[in-house]
Amino acid sequence: MKKIEPMSWKQEMAAFREKTDAFYKGEIKKNEYKGFSGLYGSYAQKGGQASMLRLRMTAGRVTKEKMAFTADAIRRFHIQRIHFTTCETIQLHDLQPEMIYDIMEGALDCGIVTMGGGGDFPRNVMCSPLSGVEAEEYFDVIPYAEAAAEYLMHFIKTEKMPRKLKVCFSNSPKNYPHATYRDLGFAAREDGKFDVYSAGGLGNNPRFGVKVAEAVEPEKILYYIKAMWLTFRAYGNYENRAKARTRYMQDVLGGAENYKKAYLEKLEEVFASGEDLTISVTAPECKKTGDGTEASGSRVLPQKQRGLYTVAWHPIGGQPSAETFCRLSDLLAEIPDAEMRLAPDEGAYIINLTGSEAEKVLNLTSDGARTLFETSVSCIGASICQVGLRDSQALLQVCVDAVREASIPDGALPQIHISGCPSSCGTHQTGALGFRGAAKSIDGKSQPAFVLYVNGRESQGKEAFGHEAGTILQDRIPAFLVELGKTVAASGKSYEEWISEDAEGVDKIAAGYLV
């Protein structure tokens, strides 16, 4: 497989510049521009007066070089809104055209590709963020995620798919990147192989993936990706975008077993074609060792490499301050083998630190989440997103403030997931508590509201979609969460312990807030 060098995408920049200039001059309508610009990883924000740019970070890896480039762009253009996404990318917001052109082209020089970051293309390949350093992992899946990402870039310029394609790799049953319910997911096994799940996804008509293969040799993963591409093109819906995601193929083909049969037929075609898609990769070895210093705290995670640590950093709503991001980049530049990893819950991990280095990172990132609840997930929200219905980021901030003011102890509330619309960019359907943007008519007047989802789970083998408990007016949600937190705290148990003993506990409290 020939690698597509990032620099080769520079020849595409002229077309983007031409269309974007025309859009900002009012010569192209919003929907037409959106259909074009997604290929380049950029969309106009709500109102059409500024744009966002999505920087793909393969497998969630933000190397020191990539972080330094991003920090330099933030400083040069005085960017204030940064978002870590649930697909392990970095979004830069409130950009003007000349800023986009500069960043998009310059990013290629350090291996950051924005192409295919939106639209009907293979998206950023996700990975368990602690792969390679986590003691409990089955094996390091990052080399395979990176090989998959390189291969998928070849499909950007081939026959168009019905919709986007999301691929991910999980290193353990924690299922952090949701391998069992993505378009295509590779879940690591204890024997060093993969189980493969296909045609899953959140949003309207959510579906868990179909297990289409077991005990797949890691060097054969590209055959399964090619089969997915062929299956999607053969059975995906090119006529109705609302039903064009891969999960709808389960219904089109008459259920999971029939879908699996159709997928395996395409897989057989790939193997029979004679095309050599076998890969050979080697997991990088971290040769850094501890220096005898130690670190501890709720955000410090010992690595499987003796004497080394990881520090968890979760900016509220996945939106780090520009100052903290840039200062962290400066610090990591001085630390051997340090690297930032983005997580599917909009957080980040800084890996390969000695104890003393970890303490420095802890101090610098102290403005992030302080409790489990404050690590809650929120999409970018309706103030920015063209299709968003509710401002999920604003709701999260109000809830964090209310919970802090009420002195709810850590552990009494879970991490919640908020999506501003049914698309589930905030993964509300598999959160312990989820909220989805909605509207409710009260006395003939539409009021901002959210639908409450309860008892979702993401761990492999125990996956569950939360059930819809009802609709709560937006301004009542902070009070609901405070009452829930106080109830759990009074029990002397953590939220997880409390809900395991009373599965209907949330529904009982929510009943007083539903409309």
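Residues take numbers from 1 onward in each chain, read along the sequence in its written order. The predicted nature of this model means local features are confined to residues of pLDDT at least 70 and side-chain atom pairs, given and counted, to a pLDDT of 80 or more, with totals for whole chains, interfaces and linings taken over all residues. As a convention, hydrogens and water are excluded, and side-chain values are obtained from all of the structure's heavy atoms.

Novice: Account for unusual backbone geometry, naming residues and giving values.
Specialist: Positive phi outside glycine occurs at Glu346, with the angle close to 75°. With relative accessibility at 1%, the residue Glu346 sits in the buried group. We note that Thr427 has phi near 50°; this positive angle belongs to a residue other than glycine. By the criteria applied, helices consist of DSSP H or I runs no shorter than four residues and strands consist of E runs no shorter than two, each listed in order from the N terminus. Mapped onto the elements of the fold, Thr427 is located in the loop between strand 16 (416-419) and strand 17 (433-442). For each residue, the accessible area found with a 1.4 Å probe, counting protein chains only, is set against the maximum for its type, and the residue is called buried under 20%, exposed over 50%, and partly exposed in between.

Novice: Outline the sheet that holds strand 3 (residues 61-62), listing residues and values.
Specialist: Any two strands between which DSSP finds at least two bridges are classified as paired. Here five strands make up an open sheet; going across it, the order is 3-13-14-12-11 and the pairing antiparallel. Here the strands that pair on one side only, and so sit at the sheet edges, are strand 3 and strand 11 (300-302). As paired elements, strand 12 (residues 309-313) and strand 14 (residues 348-353) share four bridges and run antiparallel to each other. Considered in strand 14, the bridge of Ala312 is made with Tyr349. Contacts from helix 9 (residues 322-332) reach strand 12, strand 13 (339-342) and strand 14 within the one sheet, and its direction differs from that of strand 12 by about 170°. Should any heavy atoms of two residues lie within 4.5 Å, those residues are considered in contact. To obtain an axis, a line is fitted to C-alpha atoms, over the contacting stretch when the element is a helix, and the angle between two such axes runs from 0 to 180 degrees between their N-to-C directions. Docked against the sheet, helix 10 (residues 355-364) engages strand 11, strand 12 and strand 14, running at close to 155° with respect to strand 14.

Novice: Account for the pattern of salt bridges, with residues named and values stated.
Specialist: When the charged atoms of two side chains with opposite charge come close together, those side chains can pair. The working definition used for a salt bridge is a side-chain nitrogen of Lys or Arg within 4 Å of a carboxyl oxygen of Asp or Glu. This structure, assessed with the given rule, holds 30 salt bridges. Here Asp120 ties to Arg241 by a salt bridge, and the two come within 2.9 Å at their closest N and O atoms. In this pair, Asp120 sits in the loop between helix 4 (97-108) and strand 6 (126-127) while Arg241 sits in the loop between helix 6 (221-235) and helix 7 (249-252), placing the two residues 121 residues apart along the sequence. In this structure Asp120 comes out as buried when scored by relative accessible area, which is 8%. On the basis of relative accessible area, Arg241 is assigned to the partly exposed category, the value being 47%. Arg341 serves as the salt-bridge partner of Glu339, at 2.7 Å between the closest nitrogen and oxygen. With respect to burial, Glu339 and Arg341 carry one shared label: buried. What you see here is one network of salt bridges that share partners, running through Arg189, Asp191, Asp195, Lys211 and Glu214.

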